[in-house]
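Spelled out from the first residue to the last, the chains are:
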Amino acid sequence: MEVVRSRDQLRSALGALPRPLGLVPTMGWLHAGHGALIARARIECRAVAVSIFVNPRQFDDPADLERYPRGEARDLSLCAEAGADLVWVPAVEDVYPPGFDTAVTVERLTLPLEGAARPGHFAGVTTVVAILFGVVRPDRAYFGEKDGQQLRVIDRMARDLHLTEVIGCPTVREPDGLALSSRNVHLDAEDRAAAPVIRRALLAGRDAWADGERAAEAIRDRVGDVLATEPRAVVEYISCADDTTLDELERIEGPALLSLAVRFGTTRLVDNIRIG
Ligand code: AMP
């Protein structure tokens, strides 16, 4: 596995790789969820590149950026174990050289949910991912379903701008149902013990649908009732939206995305489940 930093190093390393090339963009502090994306790319592509870059432009809160966990040595060993051929670890100036003056935005899909809660977040995400796609030129790029809106936004951008094929991969969870996340490291012991309520709440919402409930508000209420059993969980939003447009639903008549953001102390967690 080769580790490169500058764009020049990256360019020459990419030239030596066979195609098709799969790209797994990450912000580091890697876990088995990232490992699953790399392993999936390994199966579907002849070469696998991983990027590790904590993108300052997608943080709406400077304190969140400051405390985002970082650990290059452990990240590189996870990449090697999962089967990466190439890891790009750029500095901020390698991604945004002096004079950089472009933003890539996806319009309607970024308005609700995370877009409403975190102003500027998705413009930061789509801009950096467009740069990664432009520099690496992958044949396929792998993203997690855990960040459900992000997956849809990047897929939309990649289709609209004819950039690459975007592949969504299932969420990897702890045995108690908590979705793996780099941010879980910030949960104290009590919050960590409480956090699986997220998964239980989403499953309760899905069960209500399976039992025949089709009113989206009733499904959202069911999710909220389960979250309310855990006083440490502070709900930011609960959404039951059209799976493609992310428009909030009244009735569930086709595929829907049930998603939420919940805070435990200062740690904000997101998760989702598809129903319908
Ligand atoms: P991040 O490093 O948090 O920006 O995530 C990099 C990629 O890994 C994104 O496509 C995430 O959706 C994906 N990812 C994060 N957590 C998980 C998980 N638990 N299971 C699957 N994919 C994940």
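Structure's up top.
Bear in mind that the values here come from a model prediction, so they are computed numbers and not experimental data. (Residues numbered from 1 in each chain as written. Predicted model: local features only at pLDDT ≥ 70, side-chain atom pairs only at ≥ 80, totals over all residues. Heavy atoms only, no water.)

### Side note on the pairing of strand E3 (residues 47-52)
1) Next: Most of E3 sits out of view: six of its six residues are buried.
2) Next: Here E3 shows a buried face lined by Ala47, Ala49 and Ser51 and a second buried face lined by Val48, Val50 and Ile52.
3) Next: Looking at chain direction, strand E2 (residues 21-26) and E3 are connected through six bridges and run parallel. Directly across from Leu21, in E3, lies its bridge partner Ala47.
4) Next: By the bridge criterion, three bridges tie E3 to strand E4 (residues 86-88) in an arrangement that is parallel. Bridging across to E4, Ser51 finds its partner in Trp88. (Buried < 20%, exposed > 50% of the residue type's maximum accessible area, 1.4 Å probe, protein only. Helix = DSSP H or I, 4+ residues; strand = E, 2+ residues; numbered from the N terminus. Pairing = 2+ DSSP bridges.)

### What about the sheet that holds strand E7 (residues 233-242)?
1) Next: The antiparallel open sheet is built from three strands, whose spatial order is E7-E8-E9. Edge positions in the open sheet fall to E7 and strand E9 (267-275), since each of these has one partner strand only. Neighbour-to-neighbour, the strand axes of this sheet turn through a mean angle of 15 degrees, independent of strand direction.
2) Next: Pairing analysis gives nine bridges linking strand E8 (residues 256-264) to E9, with the strands arranged antiparallel. From the neighbouring strand, Arg263 faces E9, where its bridge partner is Arg268.
3) Next: Sheet strands touched by helix H10 (residues 197-210): E7, E8 and E9. Its angle to E9, the strand with the most contacts, is close to 25 degrees. (Axes fitted to C-alpha atoms, helices over the stretch in contact; angles between N-to-C directions. Contact = heavy atoms within 4.5 Å.)

### Thoughts on the nonpolar core
1) Next: Of all hydrophobic cores here, the largest spans 41 residues; its most connected members are Leu10, Leu86, Trp88, Val129, Phe133 and Phe143.
2) Next: Of all elements in the fold, only helix H1 (7-15), E2, E3, E4, helix H7 (121-136), strand E5 (140-144), helix H8 (148-160) and E8 reach the threshold of two or more residues within this core.
3) Next: Take this core: its biggest share by element is 10 residues, from H7.
4) Next: Those residues in contact with Leu86, other than ones at most four positions away along the chain, are Met1, Glu2, Val4, Leu10, Ala13, Leu14, Leu17, Val48, Ala49 and Val50. (Core = buried A, V, L, I, M, F, W, Y, C linked by side-chain atoms within 4.5 Å.)

### Observations regarding the site of the ligand
1) Next: If you check the shell around the ligand, you find 17 residues, and the closest are His34, Gly144, Asp147, Val172 and Leu180.
2) Next: The contact in question runs from a nitrogen atom of the ligand to an N or O atom on the backbone of Val172, over 2.9 Å.
3) Next: In terms of residue count, the dominant contributor to the shell around the ligand is helix H2 (residues 32-44) (three residues).
4) Next: A class-by-class count of the residues in the shell around the ligand yields eight nonpolar, seven polar and two charged. (Near = heavy atom within 4 Å. Polar contact = N/O pair within 3.5 Å; in protein donor to acceptor, adjacent residues only side chain to side chain. Nonpolar A, V, L, I, M, F, W, Y, C, P; charged D, E, K, R; others polar.)

### Overview of the packing of aromatic side chains
1) Next: Per the stated rule, a full pass over the model turns up four aromatic pairs.
2) Next: Where Phe53 meets Tyr96, the ring centres are 6.2 Å apart and the plane angle is 55 degrees; that geometry is what we call tilted. Of this pair, Phe53 sits in the loop between E3 and helix H3 (62-66) while Tyr96 sits in the loop between helix H5 (92-95) and helix H6 (114-117); the two residues are 43 residues apart in sequence, bridging distant segments of the chain.
3) Next: A relative accessible area of 7% means that Phe53 is categorised as buried.
4) Next: We classify Tyr96 as buried; its relative accessible area is 10%.
5) Next: Judged by centre distance (5.1 Å) and plane angle (75 degrees), the ring pair of Tyr96 and Phe100 falls under edge-to-face.
6) Next: For the cation-ring pair, Arg57 lies above Tyr96, with the distance from its terminal atom to the ring centre recorded as 4.2 Å.
7) Next: The ring of Trp29 carries the charged tip of Arg74 above its face, separated from the ring centre by 4.0 Å. (Phe/Tyr/Trp six-rings, centres within 6.5 Å; stacked < 30°, edge-to-face > 60°. Lys NZ or Arg CZ within 6 Å of the ring centre and 35° of its normal.)

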